[in-house]
Amino acid sequence: MTTAPLFLLDPLPEAGPARLDGPEGRHAATVKRLRPGETVLLCDGRGGLAHAVVDTAGRDTVDLTITARADADPPSPRVVLAQALVKGDRGELAVELATEAGVDGILPWRAARCVARWEEGPRGEKALGRWRSTAREAAKQARRPWLPVVEQPVTTAALARRVAGADLAVVLHEAAPERLADLALPPRGELLLVVGPEGGITDAEIGTLVEAGARPVRLGPEVLRASTAAAVALGALGVLTARWG
């Protein structure tokens, strides 16, 4: 038995009739080929979640009736990923995997050794748009009522300011003496997870982030790719905190 597909609908009605149109309606009608009587999930991306039944399906629209609605609590602690820009589709892979693993926010980081640069202007906005679209689709795939917010890219100096404001900030580094599993993790608040680029984080960047309050940690003996490290860390955090409770 498969889980009902999830579609985004904002605003999300409390009860009664609802309609999927636009891209969501086309996807529901032409890709999923929903038919009367089938059940679906609807969410607004901010915790609102509803169960609904298909009434009619047109060419680009699907009319439904909401049968139940609830508001899901956000995960705690809230995990924000500072992901260094990664070249090609590996950056989108990092966002996809982290979203499916439950990340709550994504902060693109212009680290010193990033091959991808995301210069100001249309090209940078296009790249950011791809990350946001990837997060949206991955959240739907994972049936998540909360969509992670992909923010504007930051410099190392701006990232250090975010580190200073977090309840805990950790930097994944293969040479760190501490393990993530050894830390006392906050039960609530914001946990900032920093993942560097393919070429690694420079000593100067580590120094800046540590001075702001970050803790360098390692996950295990293996060296992970920049595109997969966050997802592995999020899985560990799901077990080490109450996020998966």
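Residues numbered from 1 in each chain as written. Predicted model: local features only at pLDDT ≥ 70, side-chain atom pairs only at ≥ 80, totals over all residues. Heavy atoms only, no water.

In the nomenclature of an unreviewed UniProt entry, the protein chain is known as Ribosomal RNA small subunit methyltransferase E of Pseudonocardia cypriaca. If you open the UniProt record of the protein chain and go to Subcellular location (unreviewed entry), you find "Cytoplasm". (UniProt positions renumbered as here; feature names shortened; annotations may be inferred.)

Asker: Help me understand the sheet that holds strand S8 (residues 149–150), please; the structure alone is not making it clear to me.
Answerer: Neighbouring strands of a sheet are bound in pairs by backbone hydrogen bonds; such pairs are parallel or else antiparallel. As summarised here, the arrangement of the six strands in space is S8-S7-S6-S10-S9-S11, forming an open sheet in which the pairing is parallel. The outermost strands of the open sheet, each flanked by one partner alone, are S8 and strand S11 (215–217). The sheet contact formed by strand S9 (residues 168–172) and strand S10 (residues 190–195) spans four bridges and is parallel. Directly across from Val171, in S10, lies its bridge partner Val194. (Pairing = 2+ DSSP bridges. Helix = DSSP H or I, 4+ residues; strand = E, 2+ residues; numbered from the N terminus.)

Asker: What should I look at first to understand unusual backbone geometry in this one?
Answerer: For the bond from Asp10 to Pro11, the omega torsion is 5 degrees, close enough to zero to count as cis. Relative to the elements of secondary structure, Pro11 occurs in the loop between strand S1 (6–8) and strand S2 (16–20). Cis geometry is adopted by the peptide bond preceding Pro77, which originates at Ser76 and carries an omega value of 0 degrees. With respect to the helices and strands, Pro77 occurs in the loop between strand S5 (62–71) and strand S6 (78–84). Phi angles above zero are rare outside glycine, and Arg33 is one such case at about 50 degrees. You can see Arg33 is positioned in the loop between helix H1 (22–31) and strand S3 (39–43). Phi at Arg143 is positive, roughly 60 degrees, even though this residue is not glycine. One can find Arg143 in the loop between helix H3 (122–141) and S8. Overall, Arg143 belongs to the partly exposed group, its relative accessible area being 28%. (Buried < 20%, exposed > 50% of the residue type's maximum accessible area, 1.4 Å probe, protein only.)

Asker: Is there a simple way to explain the packing of helix H4 (residues 156–165) against helix H5 (residues 203–211) in this structure?
Answerer: Helix packing for two helices is described by the angle between their axes and how far apart those axes are. Closest axis-to-axis distance for the H4/H5 pair is 8 Å, and the angle between their directions is 30 degrees. In terms of their interaxial angle, H4 and H5 are classed as roughly parallel. Once H4 is placed against H5, the crossing between them reads as right-handed. When H4 is examined against H5, the residues Thr156, Leu159, Ala160 and Val163 are found in contact with a partner set consisting of Glu205, Thr208 and Leu209. (Axes fitted to C-alpha atoms, helices over the stretch in contact; angles between N-to-C directions. Parallel < 35°, antiparallel > 145°, perpendicular 65-115°, else oblique. Left-handed = near helix turned anticlockwise from the far one by under 90°. Contact = heavy atoms within 4.5 Å.)

Asker: Would you mind showing me how to read the pattern of salt bridges here?
Answerer: Two side chains bearing opposite charge may form a pair once their charged atoms approach each other closely. The final tally for this structure, using the stated rule, is 18 salt bridges. Among the salt bridges present, the one from Arg130 reaches Glu92, with a minimum N-O distance of 3.1 Å. Of this pair, Arg130 sits in helix H3 while Glu92 is found in helix H2 (residues 90–100), placing the two residues 38 residues apart along the sequence. For Arg130, a relative accessible area of 39% corresponds to the partly exposed category. Judged by relative accessible area, Glu92 falls into the partly exposed class, the value being 22%. Linked through salt bridges whose partners overlap, the residues forming this network are Glu24, Arg136, Glu137 and Lys140. (Salt bridge = Lys/Arg side-chain N within 4 Å of Asp/Glu carboxyl O.)

Asker: Could you clarify how one ought to interpret the UniProt feature "domain: Ribosomal RNA small subunit methyltransferase E PUA-like" (unreviewed entry) in the protein chain in this entry?
Answerer: According to UniProt, the positions carrying the feature "domain: Ribosomal RNA small subunit methyltransferase E PUA-like" (unreviewed entry) are residues 20–66. With 21% helix and 45% strand, the stretch residues 20–66 has end C-alpha atoms that lie 12 Å from each other.

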